[in-house]
2 protein chains.
Amino acid sequence: MGRMTKTIRGGAPCSIARTVDVLKDPWSFMVLREALDGVTRFADFRAGLGIASDILTERLTALVEAGVLTREQYQEPGSRARHSYHLTAAGTELAVVIGALQQWGDEHLPWQAGPTIERRSARTGRPLHVAFVDDRGREVPLEQVSFRRTASYPAR
Amino acid sequence: MGRMTKTIRGGAPCSIARTVDVLKDPWSFMVLREALDGVTRFADFRAGLGIASDILTERLTALVEAGVLTREQYQEPGSRARHSYHLTAAGTELAVVIGALQQWGDEHLPWQAGPTIERRSARTGRPLHVAFVDDRGREVPLEQVSFRRTASYPAR
């Protein structure tokens, strides 16, 4: 993983840095959690998170610019036009990141009443977790996982 | 996932919030990346990240307090005692989070020269990715993943 000063800004060789640059602050993770839970409307994000309107606007706009959410307009009878926010395919794939953060917190920083969310297969009902998987779709234990530098890895 | 104002601080019902609270800022992810790459010494973290000493000290201390790293003392002949930092078992499990961030960045925010790191099985050499897996160790496609609220989920 890239050893260099240019790790945080966009265009960094390190893909962790580029992803974290999109998510940027803790509120982004919470906005994403709500979006994955089906929330689309500004007022519902605000009520769910107890977040100031200007911070929420800034975070939603950044996630739209990053290609995680799309902004759409909707209008209810007798009301003015409003915006709603919907996950893109790329945004939906962040469920893997969210699931990994969630299971780590439940395992290593447990809450008194236990996990508030569980992950299950909608098809089989079996419990799910996030893990490393090989190209045959089989789980590989963490002690067998190797991170290797490619030819693109920057020289020091 | 938890709809409430108390999402960011420790003790929140939401395990995503609790984990993000440990990682807190982008530097934590970069420190963790270096630790997973085998870095243990303060000077090596500093050289690898191009980060100010006081920020690095603050981040390392926070990760020690959170149980992600342990601090040990070492002394080389003719030098004063220094600290080194080592991943705990809990810290090592954050590789799943790091791998998920990495693959998302490589997929959706590709760098010009391609991925700098690849993940492979140390046993079989097969390429690895991070995904949802059921209790039989079989990958489950994202469209079949269901996040469900448990009885511990807080009432609004």
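Refer to the preceding data block for the structure.
Here the structure is a predicted model, which means the values were calculated and not measured.

1. Examining the packing of aromatic side chains
Residue and element names in this part refer to chain A.
Part 1: Tallied over the entire structure, the rule returns two aromatic pairs over all chains.
Part 2: On the numbers, 6.0 Å between centres and 85° between planes, the contact of Phe132 with Phe147 is edge-to-face. One end of the pair, Phe132, is in strand β4 (residues 128-134); the other, Phe147, is in strand β5 (residues 145-149), with 15 residues separating them in the sequence.
Part 3: With a relative accessible area of 1%, Phe132 lands in the buried category.

2. Here we look at the interface of chain A and chain B
Part 1: Taken residue by residue, the interface counts 93 residues in chain A and 92 residues in chain B.
Part 2: Taken over both partners, the interface formed by chain A and chain B buries close to 8700 Å², and the fraction arising from carbon and sulfur atoms is 64%.
Part 3: Connecting chain A to chain B are six salt bridges.
Part 4: A salt bridge links Arg149 of chain B to Asp37 of chain A; the nearest nitrogen and oxygen atoms lie 2.5 Å apart.
Part 5: Viewed at the interface, chain B and chain A are joined by 43 residue pairs in polar contact (both at pLDDT 80 or more).
Part 6: Contributions of two or more residues to the side of chain A that touches chain B are made by α1 (15-23), α2 (26-36), α3 (42-49), α5 (89-93), α6 (95-108), β3 (117-121), β4 and β5 of chain A.

3. Some words on the packing of helix α3 (residues 42-49) of chain B against helix α4 (residues 53-65) of chain B
Residues and elements named next belong to chain B.
Part 1: The contact between α3 and α4 brings their axes to 11 Å, and the two run at 120°. With respect to α4, the element α3 is oriented oblique. As for the relative orientation of α3 and α4, their crossing is right-handed in sense. Counting all contacts with α3, which are made through Phe42, Phe45 and Arg46, the residues of α4 involved are Ser53, Leu56, Thr57 and Leu60.
Part 2: Class assignment for the residues of the contact of α3 with α4 results in four nonpolar, two polar and one charged.

4. Section: the environment of Gly38 of chain A
Residue and element names in this part refer to chain A.
Part 1: With respect to the element layout, Gly38 can be found in the loop between α2 and α3.
Part 2: Assessed through its relative accessible area of 53%, Gly38 is described here as exposed.
Part 3: C-alpha separation for the pair Gly38 and Ala90, spaced 52 residues apart in sequence, amounts to 16 Å.

5. Quick notes on the pattern of salt bridges
Two side chains bearing opposite charge may form a pair once their charged atoms approach each other closely.
All names here are of chain B.
Part 1: Within the structure shown, the criterion is met by 18 salt bridges over all chains.
Part 2: Between Arg59 and Asp25 there is a salt bridge, with the nearest N and O atoms lying 3.3 Å from each other. Here Arg59, found in helix α4, pairs with Asp25, found in the loop between α1 (15-23) and α2 (26-36); they are 34 residues apart in sequence, far enough to count as distant.
Part 3: A relative accessible area of 2% places Arg59 in the buried class.

6. A few points about the relation of the copies chain A and chain B
Part 1: Under the fitted operation, chain A is carried onto chain B by 0.0 Å of movement along the axis and a turn of 180°, and the coordinates agree to an RMSD of 0.0 Å. Such a combination of rotation and displacement between the chain copies is what one expects of a two-fold axis.
Part 2: Comparing contact sets, 99% of the residues at the interface of chain A also lie at the interface in chain B, consistent with an isologous, same-surface contact.

7. A word on the pairing of strand β3 (residues 117-121) of chain B
Part 1: Residue alternation in β3 of chain B divides its side chains into a buried set, Ile117, Arg119 and Ser121 of chain B, and an unburied set, Glu118 and Arg120 of chain B.
Part 2: Note: β5 of chain A against β3 of chain B, five bridges, orientation antiparallel. By the bridge assignment, Arg148 of chain A is partnered in β3 of chain B with Glu118 of chain B.

8. Some details on the nonpolar core
Part 1: Within the largest apolar cluster, 73 residues are counted, with the highest numbers of intra-cluster contacts made by Phe29 of chain A together with Phe29 of chain B.
Part 2: If we skip the residues at most four places from it in the chain, Phe29 of chain A touches Leu23, Val97, Ile98 and Leu101 of chain A together with Ile16, Val20 and Phe29 of chain B.

9. A short note on α3 of chain B
Residue and element names in this part refer to chain B.
Part 1: The set of residues buried in α3 consists of Phe45, Gly48 and Leu49. Seen along its axis, α3 keeps its buried residues to an arc of 85°; they face one direction.
Part 2: Contact partners of the buried residues in α3: α2, α4 and β2 (82-87).
Part 3: Positive backbone phi, approximately 60°, marks Gly50, located one or two places after α3.

Each value, and the rule that gives it
- Residues numbered from 1 in each chain as written.
- Chains lettered and ligands numbered in written order.
- Predicted model: local features only at pLDDT ≥ 70, side-chain atom pairs only at ≥ 80, totals over all residues.
- Heavy atoms only, no water.
- Phe/Tyr/Trp six-rings, centres within 6.5 Å; stacked < 30°, edge-to-face > 60°.
- Helix = DSSP H or I, 4+ residues; strand = E, 2+ residues; numbered from the N terminus.
- Buried < 20%, exposed > 50% of the residue type's maximum accessible area, 1.4 Å probe, protein only.
- Contact = heavy atoms within 4.5 Å.
- Buried area = accessible area lost by both parts, 1.4 Å probe.
- Salt bridge = Lys/Arg side-chain N within 4 Å of Asp/Glu carboxyl O.
- Polar contact = N/O pair within 3.5 Å; in protein donor to acceptor, adjacent residues only side chain to side chain.
- Axes fitted to C-alpha atoms, helices over the stretch in contact; angles between N-to-C directions.
- Parallel < 35°, antiparallel > 145°, perpendicular 65-115°, else oblique.
- Left-handed = near helix turned anticlockwise from the far one by under 90°.
- Nonpolar A, V, L, I, M, F, W, Y, C, P; charged D, E, K, R; others polar.
- Least-squares fit on C-alpha atoms with pLDDT ≥ 70 in both.
- Pairing = 2+ DSSP bridges.
- Core = buried A, V, L, I, M, F, W, Y, C linked by side-chain atoms within 4.5 Å.
- Arc of directions from axis to C-beta.

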